[in-house]
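Summary of structural features
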Amino acid sequence: MKNFIRSLLLLITHLFSFGNWTPISYPAQSYVYWYFEKQDGHQLAWVNHLGGKGFSNDEKWKNSLSLTGTSLVIKNLQKGLFGTFFCKITAAGQSDLITVFNKSASPLLSGDNLSLTCSLGSVPQNTPEIYWVSPQGNREGNKGTVDIQARSEHNGQWDCVVKKNGNEKKFPVSVTVVDLAPVPSHLYTSTDSPLTIPCSLISSVTWEQVKKKEIEEVQWHFAPKLSSGTSPDQPQQLFSLDLEKLTWKKNANNGLSPVYYIKNGNLSLTKSKATVEDRGRYTCSMKFKNGRTLETTVDVVVLEIIAHPKTELIYGQQVNLSCSTGEQLPNDMKLNWTSPKTSSSYISYPTHITVPEVGKEDNGKWGCELWQGGNKLTSDEILLKIEPRLSVWMLVIICSAAVILLLLLVLAFIHYRRRKQKTRLLRHRLCQCKNPKPKGFYRT
């Protein structure tokens, strides 16, 4: 079987970009002919084991064809030359072997037709088993043929596998699919955590390949979560991308900023700290001239702890801590509370806890965790500051107030004494005689 594969088997299908080529190995002492569109149709090139070779004189193929060994190299391939390529091999003492080379425009846009064919022409009896293995390692195709709609999971290396009598040989084929990387349907964060809303091209896809598919616009939209738990019919536009300058235009100010790695395919939004106003649905979309739109949608869930009446308390006060995502939790989710190690007893409910009388042992960080099954989705923390009824600062304030009041009393007393002294001094100056006589005329 190994000798059979070495002498007869050929790789037949490969998707490639303009100007790229794929090397293929052929049997020794053989004649190889390359045809376009149909078997024994327009001959593009030929080569034999003696070193002879030749090429088509057609103007549209002129100066674009060459051979590397027995592999056909096509440089500057134009759109009008997409089609099916046939390779015919005649080996001495063996039947003719035909391999089909299906050619589709590459890169593919998600939703385009992906067609891969791996087959043998005239072969001896006991035809080997032929099938494809996808980039995820799944077996695909029927009798060596794959015909599906291209998706992000189809991007990468496909292997044509030929098996016979327990032996197998793989022939790799590279497929490029322009698509956005899958994202989770829900993104969980808290008011104590940063927020990054993902949107990016799948790995190995470049911005230049996106431009080849004639992209028209890239936008971010946001539909806030209303108090009723629903979203508005018309989402607001957050950002739009200038395709010439590759810069973002901000259309709404909500604290989010794009990460500027557009050429690397990263279109994500980020924020240092999430807020409850960030709850809602975010949509990242790429629209192309053929009317096709690629998009990803993420529902952002923000966990928040609220302390009532406040976070700064004195001994003996009651405090209620509530933890919520702004909507009712599904049945498979639950909240877990964490408290300071020295905390006193508290009353726990599904979404909040109550500490009847806080004390010094309740001072510190209280936390709320959102769990789904055995996975912690996110968590939030709040800091409680518990002070004695007469704390040091309160004593300082009381003493300061007492000192100020005392000073005011002293100043008032001094002012009163001085005023009284001035009144006495004025009376003394007006009366100099012990027995003053009244003014007027007296009879002598």
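This text gives an overview of the structure that appears in the document.

Thresholds, definitions, all that
Residues numbered from 1 in each chain as written. Predicted model: local features only at pLDDT ≥ 70, side-chain atom pairs only at ≥ 80, totals over all residues. Heavy atoms only, no water. Salt bridge = Lys/Arg side-chain N within 4 Å of Asp/Glu carboxyl O. Helix = DSSP H or I, 4+ residues; strand = E, 2+ residues; numbered from the N terminus. Buried < 20%, exposed > 50% of the residue type's maximum accessible area, 1.4 Å probe, protein only. Pairing = 2+ DSSP bridges. Axes fitted to C-alpha atoms, helices over the stretch in contact; angles between N-to-C directions.

Okay, the pattern of salt bridges next. Scanning the entire structure with this criterion turns up seven salt bridges. Across the salt bridge formed by K211 and E208, the nearest N and O atoms sit 3.8 Å from each other. Taken together, the positions of K211 and E208, both in helix α2 (residues 207-212) and three residues apart, correspond to about one turn of that helix. The residue D278 makes a salt bridge to K271 at a minimum N-O spacing of 2.9 Å. The buried category is assigned to K271, whose relative accessible area is 13%.

For the bond running from H308 to P309, omega is 15°, close enough to zero to count as cis. Relative to the elements of secondary structure, P309 occurs in the loop between β24 (293-308) and β25 (312-314). For S204, which is not a glycine, the phi torsion comes out positive at approximately 80°. With respect to the element layout, S204 can be found in the loop between β17 (195-197) and α2. Its relative accessible area of 57% is what places S204 among the exposed residues.

In space, the four strands of this open sheet follow the order β25-β31-β30-β27, with mixed pairing throughout. Edge positions in the sheet fall to β25 and β27 (333-338), since each has one partner strand and no second. Neighbouring strand axes in the sheet, compared pairwise and without regard to direction, differ in orientation by 30° on average. Judged from the six bridges that link them, β27 and strand β30 (residues 364-372) form a sheet pairing that is antiparallel. Directly across from L335, in β30, lies its bridge partner L370.

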